[in-house]
Amino acid sequence: MNATAGEKRYTKLTQVQVDQICMKHERFWAARPGGARAVFAWTDLSGLSLRGRVLMDADFTAAILTDCDMAGAVLDKSNLFCADLQLANLTGASMKRVDLRGACLRGANLSGCDLFEADLREGALALPDKQTGLSYVEISMRTAEATYANLRGANLERSKLSGIQAMKADFTDAVMKQCKLVRANLKQAIMNNVDLAGADLSGADLSGASLKDAVLIKAKTDQWRTHQADLSGVLTDKPVGTDVKQLPYGEMLHDHAKWVDTLGKAGKPSTFDNADLRSLGSIRGLNLTALSAKGAVFYGLDMRGVQLQGAHLEEADMRNCDLRGADLRGVRMQRVRLDGANLEGANLGALVIGPDRLMPADLREAKLRNVNFAAADLKHVKLDGADLSRANLENASMNLAQLEHVTCVGLRGQLASTF
């Protein structure tokens, strides 16, 4: 920062003052008397709490927010231009379309944060000129920094991070679809299981980074650097295993449906083990009861209303699949990957196979992070060893005892009923 910028003095606020400003802002948004938009520009809020506050469209320009507790805060469309957020707690905060150009997020915790369409590019700080009253623009550009930041499970879809400095940052399980990462410095970053479908990584430096099981479908990787990076298990546009286009899949699906409808008297069951089914695009509403597709890749398929009772889908990749209203009773899905899938209203109850005999759905050791289970039937589902972090269980039916041996960090929603 140059000399002129250095003359700008920060106003240190107390927790009482911050609370008063926040309450006025909430009245402002509710169109109640006495309301006023929150303006924290050029203030020092270090160490204070904004936890759970609703501060949409607030102004934090160049504010000092180091070690500030902002967990669960709603900051959509707020201006955090060149703000200092070092070591801040933004766990689960909503920061959709927020302006973070030139901001410092070094060591900040943004786990589970929603940064949809956020802008984290570099920015030049503008200051008032005391003599002329005109705006003065700082000559040097500030690069947004997120070194050592925790962005596990964050939603960065369509965010602008071009040029960001994010060395050794943790993006594990983050959603970064169509994210702009041109010339980003991601050296030694942890990007395991990150969804980078359609992202622009042109010129990005990922030297020494870990991208195990990351999704790079339709991603731009021109002149990116991946020296000593771990790219094991990365999902690209290249088919994994047997390309379904090499199989008579139309005939196979027809025969399988006929086999199911005639109770095995006609047709025959189909096997898609270790096949890449992505090119099917949709299997919506098909009756695929007892299908065998172990280790198959379903990524992103439209599977709404599909019937997969008793199907064998062990170790399949079903990330981002749309399984709304699907019938999955008695399904075998041990170690399946369902991160980001939509199972709203899906039936994962037990399959009745005889008098007093039930076959529960088996999702042991499954990856179920960020899955939408809203209004789903999860009665009797085996979940031991599964990872349900940040999953939505709003109005789902299940027994709380099923979560005893499950990783369930950041679970959302309230269960409709238990049994």
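Just so we're clear, the structure is a prediction, and the values are computed from it rather than from any experiment.

Calculation rules
Residue positions are given per chain, counted from 1 along the sequence in the order it is written. Only residues with pLDDT of at least 70 get local features here, since the model is predicted, and only at 80 or more are side-chain atom pairs given and counted; chain-wide, interface and lining totals rely on the full set of residues. Only hydrogens and water are set aside; all other atoms, that is, all heavy atoms of the structure, feed into the side-chain values. Only DSSP runs of H or I with at least four residues qualify as helices, and only runs of E with at least two residues qualify as strands; both kinds are numbered from the N terminus onward. Exposed residues in this analysis have more than 50% of their type's maximum accessible area, buried residues have under 20%, and partly exposed residues fall in between, with area computed by a 1.4 Å probe over protein chains only. Method for areas: the Shrake-Rupley scheme with a 1.4 Å probe, in which residue coverage is limited to the protein chains shown. Only four residue types enter the tally: Lys and Arg on the positive side, Asp and Glu on the negative side; His and the chain ends are excluded. In plain terms, the charge of a residue is placed at NZ if it is Lys, CZ if Arg, CG if Asp and CD if Glu. We call two residues in contact whenever any of their non-hydrogen atoms come within 4.5 Å of each other. Two N or O atoms count as a polar contact when they lie within 3.5 Å, although within protein this holds only if one can serve as hydrogen donor and the other as acceptor, and sequence-adjacent residues are included solely when both atoms are side-chain atoms. Here the nonpolar core consists of buried residues drawn from Ala, Val, Leu, Ile, Met, Phe, Trp, Tyr and Cys, with membership extended through side-chain atoms lying within 4.5 Å. Throughout, the protein atoms alone are placed on a 1 Å grid, and a set of points is a cavity if a 1.4 Å probe fits but cannot get out or a pocket if it is open with protein on both sides within 12 Å along at least five of seven lines; lining residues have an atom within 4 Å of a point. Grid points are joined across faces, edges and corners, and a volume is the space filled by probe spheres set on the points. By the convention adopted, Pro, Cys, Tyr, Trp, Phe, Met, Ile, Leu, Val and Ala count as nonpolar, Lys, Arg, Asp and Glu as charged, and the other residues, Gly among them, as polar.

Asks: Looking at this structure, I do not really get the overall build of the protein. What am I missing?
Replies: Of the regular secondary structure elements, the protein holds three helices and eight strands. Seen in sequence order, the protein has helices and strands lined up from the N terminus as α-β-α-β-β-β-β-α-β-β-β. In terms of principal-axis extent, the alpha carbons of the protein reach across some 90 × 50 × 35 Å. Per-residue burial for the protein yields a buried fraction of 49% across its 419 residues. Summing over all exposed atoms, the protein offers an accessible surface of approximately 18,800 Å²; the carbon and sulfur share of this is 48%. Counting 52 positive and 50 negative side-chain charges, the protein places the centres of these two groups 2 Å from one another.

Asks: What is the right way to look at the environment of A266 in this model?
Replies: Position of A266 among the secondary structure elements: in the loop between α3 (249-261) and β6 (275-276). For A266, a relative accessible area of 22% translates into the label partly exposed. Here the alpha-carbon distance between A266 and I164, two residues 102 residues apart in the chain, equals 60 Å. A266 has contacts with K258 and W259, leaving out every residue within four places of it along the chain.

Asks: Is there a simple way to think about the side chain of D276 in this case?
Replies: The residue D276 is located in strand β6 in this model. Within the local environment of D276, its side chain forms a polar contact with the backbone nitrogen of V240, the two atoms lying 2.8 Å apart. Leaving out residues up to four positions away in the same chain, D276 has contacts with K238, P239, V240, T242, D243, V244 and V297.

Asks: Help me out: how do you make sense of the nonpolar core in this one?
Replies: Note on soluble globular proteins: their nonpolar side chains tend to be buried together. In this structure, L65, M95 and F171 are the most contacted members of the largest nonpolar core, which totals 66 residues. Apart from the residues lying within four places of it in its own chain, the contact partners of M95 are L75, D76, L80, L90, L100, L110, C113, D114, L115, F116 and A118. If you look at the next biggest cluster of nonpolar residues, it comprises 50 residues, including M252, L363, A366 and V406.

Asks: Would you mind going over empty space enclosed by the protein with me for this structure?
Replies: Unoccupied space between atoms shows up once a probe the size of one water molecule is rolled over them. A complete count under the given rule lists one cavity of 30 Å³ or more for this structure. When its volume is computed, the largest cavity comes out at roughly 40 Å³. As for the largest cavity, its lining consists of L253, F272, L277, L280, I283, L288, L291 and F298. Across the lining of the largest cavity, the residue classes break down as eight nonpolar, no polar and no charged.

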